[in-house]
Amino acid sequence: MHVRDLGGHSGCKIVLCELPDENVFVRKISSSIDYNKRLEIQAEKQKKFKSEYIKTPEILNSGMTDDSLFYFDMEYIRGITLAEYMNTIEIGKVREFAELIANNAISTETKNSSDSVKIFSNKIQSLKNTLASVNNDIIKTALEVLDKHNWSMFAKTACHGDLTLENIIVKNDQLYFIDFLDSFYDSWLMDIGAILQDIQTMWAYRFQDEVNINTIIRLIVFRDILMDKIKPVLGTSLNEVYYALLLKLVRIYPYTNDEKTRLFLNNKILSVLSIIAH
Ligand SMILES: Nc1ncnc2c1ncn2[C@@H]1O[C@H](COP(=O)(O)OP(=O)(O)OP(=O)(O)O)[C@@H](O)[C@H]1O
Ligand SMILES: [Mg+2]
């Protein structure tokens, strides 16, 4: 079997495997034994995912390596990530994709969500403890805003868990979700918060010295169409997705150890605080 590294940033190994009969598949291997359970949940989430708007690579197989690491095999999607496609995509396609993502999110069935307030409150409390020694007024204000917010609007639904532009592959104008994640709270509103992290704050492009103006315009169009599409569902509570985005950004802070990313986060958190305030 011929194997080629596909990269991936957060630890798991992702390899493209080619069999002698030229059949190819992707194998995702856990980064450590401790991570096995989370990758198993990811495979389960991917297996269960059903949508009339979006596809996901079919799971073909799963098992354990000789080093006791969990892995799963899936269909290889010969395409590019939506983050990369945003550099060349036509505006008409941006509209189509934004609508597909919005339709997929709002079509999820609501489960019992009576415990949302407690779960969010616990999460924010633990963030406050983690960030207690951080001497940064923007973070302090953000934590206060998050703490005071009433999270009861966050319905528990199926969700992706880490819906970034890098976790969406496009092939023949079909969108595929990959890299599902078990999150502390499953809600489509958190998925919108995650995608806003890329299309509102341009997180996926943070390492680029300069982002092409056309890409920026496409991201703005993407955001506007996405927000227009979910407006009828959320009505006057449309701002809820910006609370989800704020929580996403603050949650990155404890893992940030370079000054450039910290500055980036400060700026973006400040701008989200101002959207929420207005
Ligand atoms: N089924 C697939 N078909 C084609 N390309 C894939 C597939 N799965 C992963 N990739 C490529 O590999 C990259 C990394 O995969 P993935 O997002 O699952 O890992 P990651 O971001 O490193 O995740 P983790 O945080 O779980 O370690 C993707 O952005 C994509 O380019
Ligand atoms: Mg990924």
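Residues numbered from 1 in each chain as written. Chains lettered and ligands numbered in written order. Predicted model: local features only at pLDDT ≥ 70, side-chain atom pairs only at ≥ 80, totals over all residues.

S.K.: Give me the lowdown on the overall build of the chain, citing residues and values where you can.
M.R.: Check the secondary structure of the chain and you find 9 helices and 10 strands. A compact globule built from 278 residues should have a C-alpha radius of gyration of about 19 Å, and the chain, at 19 Å, falls within 12% of that. With the C-alpha coordinates of the chain rotated into their principal frame, the extents come out at 60 × 45 × 45 Å. Each of the 278 residues in the chain was classed as buried or not, and the buried ones make up 32%. Restricting the contact set of the chain to residue pairs at least 6 apart, pairs at least 24 apart contribute 69%. (Helix = DSSP H or I, 4+ residues; strand = E, 2+ residues; numbered from the N terminus. Rg over C-alpha atoms; globule rule 2.2 N^0.38 Å. Buried ≥ 20, exposed ≤ 12 C-beta atoms within 10 Å, placed from the backbone. Contact = placed C-beta atoms within 7 Å.)

S.K.: Let's hear about the sheet that holds strand S2 (residues 13-18): which residues, and what values?
M.R.: Pairing in this open sheet of 5 strands is antiparallel, and the strands run S1-S2-S3-S5-S4 from one edge to the other. For this open sheet the edge positions go to strand S1 (2-7) and strand S4 (59-64), each flanked by a neighbour on one side alone. Within this sheet the neighbouring strands show an average axis-to-axis angle of 25°, counted without direction. (Pairing = 2+ DSSP bridges. Axes fitted to C-alpha atoms, helices over the stretch in contact; angles between N-to-C directions.)

S.K.: Can you explain helix H9 (residues 259-277)? Please cite residues and give values.
M.R.: For H9, which comprises 19 residues, the first-to-last C-alpha distance of 27 Å matches the rise-based estimate of 27 Å (1.5 Å per residue) to within 8%. What H9 keeps buried is the set Leu 265, Lys 268, Ile 269 and Val 272. For H9, the angular spread of buried residues about the axis comes to 105°, placing them on one side. In this structure, H9 carries Glu 259, Lys 260, Leu 263, Asn 267, Ser 274 and Ala 277 as exposed residues pointing more than 90 degrees from its buried face. On its buried face, H9 is in contact with helix H5 (137-148) and helix H8 (240-252). (Expected span 1.5 Å × (residues − 1). Arc of directions from axis to C-beta.)

S.K.: Lay out the nonpolar core in plain terms, naming residues and giving numbers.
M.R.: Within the largest apolar cluster, 56 residues are counted, with the highest numbers of intra-cluster contacts made by Ala 98, Leu 146, Ile 192, Ala 244, Leu 246 and Val 250. When neighbours within four sequence positions are excluded, Leu 246 is seen to be in contact with Ala 142, Val 145, Leu 146, Ile 269, Val 272 and Ile 276. (Core = buried A, V, L, I, M, F, W, Y, C linked by C-beta atoms within 7 Å.)

S.K.: Describe the packing of helix H4 (residues 116-130) against H5, and please don't skip the residues or the numbers.
M.R.: The geometry of H4 relative to H5 is characterised by a closest axis approach of 10 Å and an angle of 160° between their N-to-C directions. If you check the angle between H4 and H5, you find them roughly antiparallel. Remark: the crossing between H4 and H5 carries left-handed chirality. When H4 is examined against H5, the residues Ile 124, Leu 127 and Lys 128 are found in contact with a partner set consisting of Leu 143, Leu 146 and Asp 147. Each residue belonging to the contact of H4 with H5 can be placed in one class, and the counts come to 4 nonpolar, no polar and 2 charged. (Parallel < 35°, antiparallel > 145°, perpendicular 65-115°, else oblique. Left-handed = near helix turned anticlockwise from the far one by under 90°. Nonpolar A, V, L, I, M, F, W, Y, C, P; charged D, E, K, R; others polar.)

S.K.: Before we move on, could you go through the sheet that holds strand S9 (residues 168-171) and cite the residues and values that matter?
M.R.: Paired through backbone hydrogen bonds, the strands of a sheet run either parallel or antiparallel to each other. Here 3 strands make up an open sheet; going across it, the order is S6-S9-S10 and the pairing antiparallel. Two strands in the sheet have a free side with no partner beyond their single neighbour: strand S6 (80-81) and strand S10 (174-177). Across 4 bridges, the pairing between S9 and S10 is antiparallel. Across the sheet, Ile 169 pairs through a bridge with Tyr 176, a residue of S10.

S.K.: I'd like a rundown of the domain arrangement of the chain, residues and numbers included.
M.R.: Taken domain by domain, the chain consists of domain 1 (2-75) and domain 2 (80-277). Taking the mean C-alpha position of each, domain 1 and domain 2 sit 25 Å from one another. (Domains from an automatic or database assignment.)

S.K.: Talk me through helix H3 (residues 91-106); I want residue IDs and the actual numbers.
M.R.: Compared with an ideal rise of 1.5 Å per residue, which puts 16 residues at 22 Å, H3 spans 23 Å between its outermost C-alpha atoms and is within 8% of the ideal. Among all positions in H3, only Val 94, Phe 97, Ala 98, Ile 101, Ala 102, Asn 104 and Ala 105 are buried. Taken end-on, H3 shows its buried residues confined to a sector of 160°, consistent with a single buried face. Against S10, helix H6 (188-199) and helix H7 (213-234) lie the buried residues of H3.

S.K.: Describe the packing of H3 against H6, and please don't skip the residues or the numbers.
M.R.: Remark: H3 packs on H6, axes separated minimally by 9 Å, with the N-to-C direction vectors making an angle of 155°. Taken together, the axis directions place H3 and H6 in an arrangement best described as roughly antiparallel. Regarding H3 and H6, the two cross each other, and that crossing is right-handed. Along its contact with H3, which presents Ile 101, Ala 105 and Ile 106, the element H6 presents Trp 188, Asp 191, Ile 192 and Ile 195. Here the contact of H3 with H6 is composed, by residue class, of 6 nonpolar, no polar and 1 charged.

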